[in-house]
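# Observations on the model geometry
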Amino acid sequence: MEKKKIGVIGCGNISGIYLKNLTTVFDNTEVVAVTDIVRERAKEQAEKFNIPRVAGSNEELLAMDDIDIIVILTIPSQHYPVCKAALMAGKNVYMEKPLALELEDGKELVELAKAKGLRLCVAPDTMLGANVQTVRKMIDDGWIGKPVACHAHLLHPGSESWHPDPEFLYKYGAGPLFDIGPYYCAGIAYLLGCVEEISAMGAITFKQRKITSQPLYGKMIDVEVPTFLTIGMKTEKDVMVNMVLTNDALDTNFGVCKIEIYGDEGTITMEAPPYFDGEIMYKKKGAEHWEAVPSMFCYKENSRGVGVADMAAAMIHNREHRLSADMAYHTLEILCSVLKAQESGQTVHLKSRYERSQGLSVGLKVGEMD
């Protein structure tokens, strides 16, 4: 089996699951080098996952001729400059979400990748998980007829109780919108069509928040971004969407992450796209009871890195990767438009669109992409 060689920039909290999967799960990826601004962190991950090289800087890693794909797992504020440097170095890039923090920066990255003939792919790769792929197939196969409306929510108390260094999650470029919102925004467009219009309201509910996790227990965080957002959308297929994203819900009886999709012939309720798998419930029009629908696809566990594996497979088989740069840009435009609508009080009309890629095959086994 041909393998594509991977270099990873950023060895923080999220890197463990990526490195585990890219070194043990997928049969077409080989991680050959890592780097991080904290060198000890990179050395620890290299030793843990048997990665042969630790680069002393991003520049050193980007200069390695044998690397086919750069995986960027830095904090969001570094996505644009690091991705641009990787593309300028002639490397294909897979990056954690979001594509960038500013729409113009995202557009520049997409255009640069296309101009250089390089691949650019951005999380969330939960779009390739069993949960989203099963619901996509149900919708495409007509289980609920024509989708007409959708409700989605994230009702979360925040990450300061468990994340080892959560302060950046309340700064510009994060908050529930840019941290968790990409899963919802990408998922809604992927399942129900590109978004055409957005309106929104938001608030910073608590100006300061206390870290109750270790090692920073007791530190106070100044909150810079809205932590409660209520959002209205209309898709190109005239599906009306209501979405609530918040880090201010101490408890909920509705479920923390849910999406419910209403059609003229039935309804689907799913665990939201931050998860690769979860409960899917279905009720056909006129039916007396809801029924549980088992996942039809293989990527049910935490499969972060499946987007990297899909890019590697696309390079090997000379096809388009499933999470396109245009999809990433549309997701970014949704995020930026929510902020613009929330700040202006006006409806925002989106310009970008993308062609949805082919879904996964039902018969795939874990580790396979084609």
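To be clear, the structure that these remarks concern was listed above.
In this report, we go over the structure that sits alongside the text. Note that the structure is a prediction, hence the values are computed from the model and not measured. (Residues numbered from 1 in each chain as written. Predicted model: local features only at pLDDT ≥ 70, side-chain atom pairs only at ≥ 80, totals over all residues. Heavy atoms only, no water.)

### Details of the packing of aromatic side chains
Note the following rule: Classification of ring pairs rests on two measures: the distance between centres of Phe, Tyr or Trp rings, Trp counted by its six-membered ring, which must be within 6.5 Å, and the angle between planes, read as stacked under 30 degrees, edge-to-face over 60 and tilted in between. Helix and strand labels come from DSSP, where a helix needs a run of H or I of at least four residues and a strand needs a run of E of at least two; each type is numbered from the N terminus. Note on classification: 1.4 Å probe, protein chains only; a residue is buried when its accessible area is under 20% of the maximum for its type, exposed when over 50%, partly exposed between these limits. As a reminder, the over-ring test applies to NZ of lysine and CZ of arginine, requiring each to be within 6 Å of the ring centre and within 35 degrees of the ring normal.
Applying the stated rule across the entire model yields three aromatic pairs. Considering the side-chain rings of Y18 and Y94, the 6.2 Å spacing of their centres and the 55° angle between planes classify their relative orientation as tilted. Of this pair, Y18 sits in helix α1 (residues 15-24) while Y94 is found in strand β5 (residues 92-95), placing the two residues 76 residues apart along the sequence. As far as burial versus exposure is concerned, Y18 and Y94 are alike and both buried. Its guanidinium or amino end placed over the ring of Y190, R356 lies 5.8 Å from that ring's centre, counting from NZ or CZ.

### Description of the nonpolar core
Put simply, the rule is: Here the nonpolar core consists of buried residues drawn from Ala, Val, Leu, Ile, Met, Phe, Trp, Tyr and Cys, with membership extended through side-chain atoms lying within 4.5 Å. We call two residues in contact when some of their heavy atoms are within 4.5 Å.
One finds L99, L120 and Y184 to be the most contacted residues of the largest nonpolar core, which totals 117 residues. Examining the composition of this core, we find that 11 residues originate from one element, helix α10 (residues 325-344), more than from any other. Once you skip the residues sitting within four places of it in the chain, Y184 turns out to touch A152, H153, L154, M243, L245, V256, C257, K258, I259, A272 and P274. Y170, I211, I221 and V223 belong to the second-largest nonpolar core, a separate cluster that totals five residues.

### Quick look at the pairing of strand β11 (residues 228-235)
Basically, it comes down to this: The pairing criterion for strands is at least two bridges between them, as found by DSSP.
Covered by surrounding structure in β11 are L229, I231, M233 and T235 only, the residues F228, T230, G232 and K234 on the alternate face being uncovered. As judged from the eight bridges shared by strand β8 (residues 195-203) and β11, these two strands associate in the antiparallel manner. Counterpart to S199 in the pairing with β11 is G232. Bridge count between β11 and strand β12 (residues 240-246): seven bridges; the pairing is antiparallel. Along β12, the bridge assignment pairs I231 with M243. A loop of four residues connects β11 with β12, the two strands running antiparallel in sequence, and D238 in this loop sits at a positive phi of about 60°.

### Here we look at the sheet that holds strand β13 (residues 257-263)
Condition: Every axis in this analysis is a line fitted to C-alpha atoms, fitted for helices over the stretch in contact. Angles between the N-to-C directions lie between 0 and 180 degrees.
Spatial ordering of the open sheet is given by β16-β15-β14-β13-β7-β12-β11-β8-β17, a layout of nine strands whose pairing is mixed. Of all the strands in the sheet, just β16 (291-292) and β17 (348-349) have a single pairing partner and so form its edges. Sheet topology places β8 next to β17; two bridges connect them, and they run antiparallel. Each residue of the ladder has a partner; that of E197, found in β17, is H349. On the sheet, α10 packs against β8, β11 and β17 and is oriented at approximately 45° with respect to β8.

### Brief notes about the sheet that holds strand β6 (residues 120-122)
Overall, parallel pairing links the six strands, which are arranged β3-β2-β1-β4-β5-β6 in an open sheet. Looking at strand neighbours, the two that pair on one side only are β3 (53-54) and β6, the edges of this open sheet. Two elements, strand β1 (residues 4-9) and strand β4 (residues 69-72), share four bridges in a ladder whose sense is parallel. Directly across from I9, in β4, lies its bridge partner I72. Along the sheet, helix α4 (residues 79-88) contacts β1, β4, β5 and β6; its crossing angle with β5, the most-contacted strand, is approximately 160°.

### Examining the pairing of β13
The buried fraction of β13 amounts to five of the seven residues, a majority that puts the element mostly inside the structure. Where strand β7 (residues 147-155) lies against β13, seven bridges are found, and the strand directions are antiparallel. Within β13, the residue paired with H153 across the bridge is K258. Here five bridges tie β13 to strand β14 (residues 266-271), and the two strands are oriented antiparallel to one another. What sits directly across from K258, in β14, is E271. Hairpin geometry of β13 and β14 is characterised by an intervening segment of two residues between the two adjacent antiparallel strands.

### Observations concerning unusual backbone geometry
In the segment running from A123 into P124, the intervening peptide bond is cis, with an omega of 15°. Looking at the element boundaries, P124 is found in the loop between β6 and α6 (130-140). Residues Q214 and P215 are joined by a peptide bond in cis, for which omega reads 10°. Residues other than glycine seldom take positive phi values, yet D238 does so here, at roughly 60°. Relative to the elements of secondary structure, D238 occurs in the loop between β11 and β12. Taking relative accessible area as the criterion, D238 reaches 48% and is therefore assigned partly exposed.

### Concerning the packing of helix α5 (residues 103-116) against α10
To keep things clear, this is the line we draw: Angle categories are assigned with fixed cut-offs, so that under 35 degrees is roughly parallel, over 145 is roughly antiparallel, 65 to 115 is roughly perpendicular, and the rest are oblique.
It is at 10 Å that the axes of α5 and α10 come closest, and there the two elements cross at 175°. Here α5 is positioned roughly antiparallel relative to α10, judged by the angle of their axes. On the side of α5, the interface is formed by L103, G106, K107, V110 and K114, while α10 contributes A325, D326, Y329, L332, E333 and C336.

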